[in-house]
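Residue strings, one per chain:
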Amino acid sequence: MPDLAKLSVETEGDVELARVAGEVDASNVDNLTAQLLDALSNQTRAVILDLSDTSYIDSSGISLIFDTAARMKNRRQQLRLVVAPKSFVGEVLAAVSMADSIPIDPELAEARRAVG
């Protein structure tokens with residue numbers, strides 16, 4: 001079975017840039033969660049989770065974001081999302097009021113400026 005989503009992680013100083021391309025659903029969320037958490041260290045100050053190339057997300061993907069944010073908050077680390085506002089993912093995140101809990105930027109450049 002081909003991977004529905006691919007996670008890539010780049011380190012930029014003490015900021016991790018995690019990009020998810022493809023579809024996030026119950027079939028792959030456990031693997032994506034493990035990959036994302038494995039990429040984070042205690043030295044990470046912030047994570048930018050770029051969902052610009054994510055074409056689909058379901059409730060398990062939403063849980064992944066909320067759970068990751070909670071873990072990072074407990075470790076005094078910051079999470080920001082990059083999501084195109086008029087995309088399917090943007091509409092789903094708006095429907096669950098994600099921006100009330102986690103900052104969402106429409107472009108990667110804005111997220112990078114926000115985390116410094």
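Being a predicted model, the structure only gives us computed values, none of them experimental.

The rules behind these values
- Residues numbered from 1 in each chain as written.
- Predicted model: local features only at pLDDT ≥ 70, side-chain atom pairs only at ≥ 80, totals over all residues.
- Heavy atoms only, no water.
- Helix = DSSP H or I, 4+ residues; strand = E, 2+ residues; numbered from the N terminus.
- pLDDT = per-residue confidence, 0-100.
- Axes fitted to C-alpha atoms, helices over the stretch in contact; angles between N-to-C directions.
- Parallel < 35°, antiparallel > 145°, perpendicular 65-115°, else oblique.
- Left-handed = near helix turned anticlockwise from the far one by under 90°.
- Contact = heavy atoms within 4.5 Å.
- Buried < 20%, exposed > 50% of the residue type's maximum accessible area, 1.4 Å probe, protein only.
- Polar contact = N/O pair within 3.5 Å; in protein donor to acceptor, adjacent residues only side chain to side chain.
- Pairing = 2+ DSSP bridges.
- Arc of directions from axis to C-beta.

Inspection of the secondary structure puts Ala 95 in helix 3 (residues 88-95). In this structure the C-alpha to C-alpha distance between Ala 95 and Glu 110, which are 15 residues apart in sequence, comes to 22 Å.

As a further point, take the confidence of the model for the protein. The predicted model of the protein averages 93 in pLDDT, with 98% of residues at 70 or higher. Confidence scores differ between elements of the protein, with helix 1 (residues 29-39) showing the lowest mean pLDDT of 91 and strand 6 (residues 104-105) the highest of 98.

The next point concerns unusual backbone geometry. Non-glycine residue Arg 76 carries a positive phi angle of around 60°. Looking at the element boundaries, Arg 76 is found in the loop between helix 2 (59-74) and strand 5 (78-82). You will see that Ser 97, though not glycine, has its phi angle at about 55°, which is positive.

Turning our eyes to something else, we now look at the packing of helix 1 against helix 2. Each pair of packed helices can be described by the angle between their axes along with the distance between the axes. Here helix 1 crosses helix 2 at 25°, and the two axes come no closer than 10 Å. One finds that helix 1 runs roughly parallel with respect to helix 2. Between helix 1 and helix 2 the crossing geometry is right-handed. In this structure, helix 1 uses Val 29, Leu 32, Thr 33, Leu 36 and Leu 37 to contact helix 2, whose residues at the interface are Ser 60, Gly 61, Leu 64, Thr 68 and Arg 71.

Position of Gln 77 among the secondary structure elements: in the loop between helix 2 and strand 5. A residue is classified by how much of its surface remains accessible, and Gln 77, at 9% relative accessible area, is buried. Reaching out from Gln 77, the side chain makes a polar contact with the side chain of Arg 75 at a distance of 3.3 Å. With sequence-adjacent residues up to four places away left out, Gln 77 is seen in contact with Ser 41, Asn 42, Thr 44, Arg 45 and Met 72.

The two faces of a sheet get side chains in turn, since along a regular strand they alternate between them. The pairing of strand 1 (residues 5-12) with strand 2 (residues 15-24) spans eight bridges and is antiparallel. Residue Glu 12 lies in a different strand from strand 2, and its bridge partner there is Val 15. Hairpin remark: strand 1 followed by strand 2, antiparallel, with two residues in the connecting loop; positive phi at Gly 13, about 70°.

What helix 4 (residues 108-115) keeps buried is the set Leu 108, Ala 111 and Val 115. Axial view of helix 4: buried residues confined to an arc of 60°, hence all on one face. Buried-residue contacts for helix 4 involve strand 2, strand 3 (46-50), strand 5 and strand 6.

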